[in-house]
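# A look at the structure
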Amino acid sequence: MSQPTDLHVSARIASIRRDKGFTQRECAARTGLKISQIQRIEQTGNLYASELVKLSRVLGKNPGWFMRPPLELVQTPANWDASDGGPVLDDLTNPGSDQ
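On a predicted model such as this, the values are computed, not experimentally measured, just so you know. (Residues numbered from 1 in each chain as written. Predicted model: local features only at pLDDT ≥ 70, side-chain atom pairs only at ≥ 80, totals over all residues. Heavy atoms only, no water.)

### What about the packing of helix α2 (residues 24-31) against helix α3 (residues 35-44)?
To describe two helices that pack against each other, one gives the angle between their axes and the distance between the axes. Here is the rule: To define axes, lines are fitted to C-alpha atoms, for helices over the stretch in contact only, and angles between the resulting N-to-C directions are given on a 0 to 180 degree scale. A run of DSSP states H or I qualifies as a helix once it reaches four residues; a run of E qualifies as a strand once it reaches two. Both are numbered from the N-terminal end. For classification purposes, an angle smaller than 35 degrees is called roughly parallel, one larger than 145 roughly antiparallel, one from 65 to 115 roughly perpendicular, and anything else oblique. Handedness of each helix crossing follows the sense of rotation of the near helix against the far helix: counterclockwise by less than a right angle gives left-handed, clockwise gives right-handed. Two residues qualify as a contact provided that any one of their heavy atoms is within 4.5 Å of a heavy atom in the partner residue.
It is the contact of α2 with α3, at a shortest axis distance of 8 Å, that shows an interaxial angle of 115°. Classified by the angle between their axes, α2 and α3 sit roughly perpendicular to one another. The chirality of how α2 crosses α3 is right-handed. Note on element contacts: α3 touches α2 through I35, I38, Q39 and E42, opposite Q24, R25, C27, A28 and T31.

### Some remarks on the nonpolar core
Formally: To form a nonpolar core, buried Ala, Val, Leu, Ile, Met, Phe, Trp, Tyr and Cys residues must be joined to one another through side-chain atoms within 4.5 Å. Using a 1.4 Å probe on the protein chains alone, a residue whose accessible area is under 20% of its type maximum counts as buried, one over 50% counts as exposed, and one in between counts as partly exposed.
With 14 residues, the main nonpolar core has I13, I38, L55, L59 and F66 as its most contacted residues. Breaking this core down by element, the ones donating at least two residues are α1 (4-19), α2, α3 and α4 (49-59). Not counting residues within four places of it along the chain, the set of residues in contact with I38 comprises Q24, C27, A28, T31, L33 and L55.

### So, the packing of aromatic side chains
Heads up, the rule is: Note on aromatic pairs: the rings of Phe, Tyr and Trp (six-membered ring only in Trp) are paired at centre separations within 6.5 Å, and the planes decide the class, stacked below 30 degrees, edge-to-face beyond 60, tilted for the rest. Lysine NZ or arginine CZ positioned within 6 Å of the ring centre and within 35 degrees of the ring normal marks a charge as sitting over the ring.
With the rule as written, the count across this model stands at 1 aromatic pair. Aromatic side chains W65 and F66 sit 5.0 Å apart centroid to centroid with 85° between the ring planes, which places their arrangement in the edge-to-face category. As far as burial versus exposure is concerned, W65 and F66 are alike and both buried. The aromatic ring of W65 is capped on one face by R12, whose charged end is 3.8 Å from the ring centroid.

### Observations concerning the pattern of salt bridges
Test applied: Put simply, a salt bridge is a Lys or Arg side-chain nitrogen that is within 4 Å of an Asp or Glu carboxyl oxygen.
Tallied over the entire structure, the rule returns 2 salt bridges. Across the pair E42 and R17 runs a salt bridge whose closest N-O atoms are separated by 2.6 Å. Note that E42 is positioned in helix α3 and R17 in helix α1, a separation of 25 residues in sequence. Between E51 and R40 there is a salt bridge whose closest N-O contact spans 2.5 Å. One end of the pair, E51, is in helix α4; the other, R40, is in helix α3, with 11 residues separating them in the sequence. E51 sits in the buried class, given a relative accessible area of 3%.

### Here's the deal with α3
This is how it is decided: Read the arc as the range of directions from the helix axis to the C-beta atoms.
Every buried residue of α3 is listed here: I38, I41 and E42. Burial along α3 is one-sided: seen end-on, the buried residues are contained in an arc of 90°. Where α3 is buried, its residues meet α1, α2 and α4. Remark: G45 follows α3 within two positions and exhibits a positive phi of approximately 80°.

### Examining the side chain of S56
By the secondary structure assignment, S56 is in helix α4. Relative accessible area serves as the criterion here: at 4%, S56 is assigned to the buried category. Every residue in contact with S56, bar those within four places of it in the chain, is listed here: K61, N62, P63 and F66.

Pasting the structure below:
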């Protein structure tokens, strides 16, 4: 079963492929992968590192780019969700509160 990170990577692959105007067939031809491999990657998030490297070259992105979360999901002080406890420093401001 695919994990959320796997599905995120596959969604980014499909999105950038479409943005570049490539069909799955064209992407397969450019990467040397089979169409069935492109379909598996995009539908299930199941891919090998070697496939990611090939796709990265053709799609013009660093392999790590596909794993980065969207900026709106990155927690920074400006969008920190206090419901999850906020910064670790919260524990330091309330010493002795273990609840």
